[in-house]
Amino acid sequence: MKKLVSTLLCVLLVAGLLTGCTGAPAAADVKTEAADSSASAGSAENSTENAVEPAAPDDAAMQEKLNTTLYIGCSFETFDNPYLVTFDKGCQLFCKYLDSIGQKYEYTCMLNEGNSEKQINDINALLAKSGGNAIFFIDPNEAAIVSVLAEAVNDAGAFMCTTWTKPEDLDVWDYDGWVAHHSPDDVTMGYKSAIQMFESLPTPGQGKIVALQGNLGHTTANNRYLGLEKALKEYPGIELVAVESAKWMAPEALSIMETWLAKYDDIDGVWCANDNMAMGAIQALQAKGLAGKVKVCGINAIPTAIDYIEDGTMAATVDCNGWGQGGYSLAMCYLAWTGQTDVPSLPHDQRLFATESIFVNSSNVAEYKATYVDNEPTLDFEHPYEAFVYGPYVS
Amino acid sequence: MRNRTAAMSIAEEFSAKVQREQRRDKLIRWAPVIVLFALVTIFSILRFDSFFTLYNLNTIFNQMSITLIIAVGATFVVLIGSVDLTVDGVVGLASCTVALLILNGNNENNFGIFGVLIAISVGLAFGLLTGFIHVRFRISSFMVTYALGAVAVGCGILFSGGLWAQIKDASLLAIPAASFLGIPVITWISFVVLGIAWVIQEKTPFGRHMIAIGTNEEVPRVTGVKVDLVKVMIFMWSGLCLGLAGVLGALRLARGEADVGTGQFFTAYAAVIVGGTSLSGGRGGVINTLIGVLIITVLNNGLLLMDVNIFIRSGMQGLIILVAIALTIDRNRRAICK
């Protein structure tokens, strides 16, 4: 019995080593060659007119800051999503920038796996350790905890930027430590990805489509679907024959798509609220020999989706610019911490704003791949407001 | 009426009670088959053009295969009155493991069939670990498997680093696409697992020990049965099934991801219970599970063809489970209900 136990534990260990050691490239393995700056996230032409220009720091004060250890926290739900992983990558890119200017820092990526209490505790622990010398990029689990986080960070004299989730009635400018809240525009993402798919159909703007939604009741899922509805109004030739929630998951999408294919034999397109579900739908289409013939679109720009756009299986996807969300958020907080920006005096449209999404289709997939998949993007951390603020915030 | 009852002798009363019990048992035994037949009939009438087609039959086979494998593993666990909550985690972990070990888009590995065997062994090892901790430290299976399930999910995500590996091994990807005698190969695989489980359950002393442990653990213990060993073996069997399910799930999706396991616990255990296997152990078996899996799959498939919302489908599954538990639970064996 003991031999059996030890043998099988060894199997677990070996499998862990084999997969873990040779799995996804670690952050340190990512190539760091400079990419074409023209395709970098949030080009200057998209920034608003009154972008913040950081004040030149006083040399002695700046030197003191450089020698002070800055605690950096990146807090989000999970690594169980390729898009969320780019938050961490963007933050690490900012850390490389700090290396280049000689700033002392400690970086911590804090995953909470959907546990809001853990998210609050992790942030409080880092605040306690930092003595106020801390900056955070936070994707809050739920709107209800944002005020708790803002108060904790504010009271400690630290700074934070948040993304995606914020209560409607909570204002960023009520807290000096809450530098900014931003979010990509989900309605536009759902709308534009739908239009790109409609235009890619055999008869552009004509045909039958099905839609795979995220979790019903989820703000992001609802807004993306609103975008689809908006596009459908503009394209009367497109008929939406079925809608179902695949709960953001590929296996669920595979199962639903298989069943739909038993019912509909004349589908022209599949609109998916994220790329994960698009992957499941494509597997079902492949099994029936329809991959490439039936056009699929998604959102998130995961690497496999980019490959599928290249080979014509997918029509379009959207990159929410997770690198920028992580990296630029920290850059804005850093400017506040070093005193280069005075947070209370920042205009409201620089503290609550929409960020740019990158739409990928067959026309720009090669450029996108070279910039974001094969290489790290180039982010302008010295001018984050100019590079990252895209337009008015859409709740 | 009262006079007639009063006039019944004790023997007649006992006989009537036995007959009532027998009728109830017969109804419970056949209820799942009747439900399945009713569902097929209803959907065939309401959605004749799409439900009753060869393509949809294949779809149902495809959709039931992985659930059947998991549920067959779960049946033995339920038969001894335990539960295995590692289902979602270990299926997801096996899926990530196989995808990262065979030819894939994330790394240079290409272990082929050995990658498959290692991934299945991971499931087996988790089963062994579960069983060992459960019997050695006398911790309830609920708590042990709850904790190890979380460990498995964490390992799966850690291995992949959030970048799910796209499988590129053409020979292995051909498995979910292939069929034999018009039935998908993965369904044949699930039938083989079912067949093995049936033989173990019906034709071996191990199967009899399993039922005995589920009925009353102390009786086989005093007769010299190695109860702890049987329990460990049962969790290993469950782990083996989960490993295999994870591998097939990854191949079907052409990528390894933790979501392959998400929701599988609910579906598989629903199938076991709906099939008539009693949650308190000792009653039921893998053939019941086959019927349960068919009911759950046909219900999902048929309701989707009728455009019924996913949350209503989940709600209906929940109601069916509740009814099945109410029918199969033997209240006479319960000292208290809480």
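Residues numbered from 1 in each chain as written. Chains lettered and ligands numbered in written order. Predicted model: local features only at pLDDT ≥ 70, side-chain atom pairs only at ≥ 80, totals over all residues. Heavy atoms only, no water.

Our focus in this paragraph is the packing of helix α8 (residues 250-263) of chain A against helix α9 (residues 275-287) of chain A. All names here are of chain A. Interhelical geometry of α8 versus α9 gives an angle of 40° and a closest axis separation of 7 Å. Between α8 and α9, the angle falls in the class oblique. Along this stretch, α8 crosses α9, giving a crossing that reads as right-handed. Together, Ala250, Ala253, Leu254, Met257, Glu258 and Leu261 of α8 and Asn276, Met277, Gly280, Ala281, Gln283, Ala284 and Leu285 of α9 make up the contact between the two elements. (Axes fitted to C-alpha atoms, helices over the stretch in contact; angles between N-to-C directions. Helix = DSSP H or I, 4+ residues; strand = E, 2+ residues; numbered from the N terminus. Parallel < 35°, antiparallel > 145°, perpendicular 65-115°, else oblique. Left-handed = near helix turned anticlockwise from the far one by under 90°. Contact = heavy atoms within 4.5 Å.)

Going through the model one piece at a time under the given rule, you end up with 16 salt bridges over all chains. In this structure, the salt-bridge partner of Glu106 of chain A is Lys129 of chain A, at a minimum N-O distance of 3.3 Å. Of this pair, Glu106 of chain A sits in strand β2 (residues 105-111) while Lys129 of chain A sits in helix α4 (residues 116-130), and the two are 23 residues apart along the sequence. One salt bridge connects Glu217 of chain B with Arg221 of chain B, and the closest N-O pair in it is separated by 2.6 Å. Under the relative-accessibility criterion, Arg221 of chain B is labelled partly exposed at 29%. Several salt bridges converge on common partners, so that one network encompasses Arg138, Glu217, Glu218, Arg221, Asp228 and Lys231 of chain B. (Salt bridge = Lys/Arg side-chain N within 4 Å of Asp/Glu carboxyl O. Buried < 20%, exposed > 50% of the residue type's maximum accessible area, 1.4 Å probe, protein only.)

Let us look at the packing of aromatic side chains. Residues and elements named next belong to chain A. Inspection of every chain in the model, using the stated rule, returns 25 aromatic pairs over all chains. With a centroid separation of 4.9 Å and an interplanar angle of 25°, the aromatic rings of Tyr368 and Tyr372 are classed as stacked. Of this pair, Tyr368 and Tyr372 both sit in helix α12 (residues 365-373), 4 residues apart, which is roughly one turn of the helix. Just as Tyr368 is buried, Tyr372 falls in that class too. The rings of Phe94, Tyr97, Tyr328, Tyr334, Trp337, Phe353, Phe381 and Phe388 are connected pair by pair, giving a single aromatic cluster. (Phe/Tyr/Trp six-rings, centres within 6.5 Å; stacked < 30°, edge-to-face > 60°.)

To continue, consider the interface of chain A and chain B. Contact with chain A, which involves 51 residues of that partner, is made by 52 residues of chain B. In total, about 4,300 Å² of surface goes out of reach between chain A and chain B, with carbon and sulfur atoms giving 67% of it. Linking chain A with chain B are 3 salt bridges, by the criterion used here. Lys263 of chain A is the salt-bridge partner of Asp307 of chain B, the closest N and O atoms lying 2.9 Å from each other. Every element with two or more residues in the side of chain A that touches chain B is listed here: α1 (2-22), α3 (82-101), β7 (238-245), α8, α9 and α10 (303-310) of chain A. Residues of the side of chain A that touches chain B, tallied by class, amount to 28 nonpolar, 14 polar and 9 charged. (Buried area = accessible area lost by both parts, 1.4 Å probe. Nonpolar A, V, L, I, M, F, W, Y, C, P; charged D, E, K, R; others polar.)

A word on the pairing of strand β4 (residues 159-163) of chain A. Residues and elements named next belong to chain A. Within β4, 5 of the 5 residues are buried, which leaves the element mostly enclosed by the surrounding structure. Along β4, one buried face is formed by Phe159, Cys161 and Thr163 and the opposite face, lined by Met160 and Thr162, is buried too. As judged from the 4 bridges shared by strand β3 (residues 134-138) and β4, these two strands associate in the parallel manner. Across the sheet, residue Ile135 finds its bridge partner in β4, namely Phe159. Regarding the hand of the β-α-β motif, the stretch spanning β3, helix α5 (residues 146-156) and β4 is right-handed. Pairing geometry for β4 and strand β5 (residues 178-184), over 4 bridges, is parallel. Bridge pairing in β5 places Met160 opposite Trp178. (Pairing = 2+ DSSP bridges. Right-handed = clockwise from strand over helix to strand, strands pointing away.)

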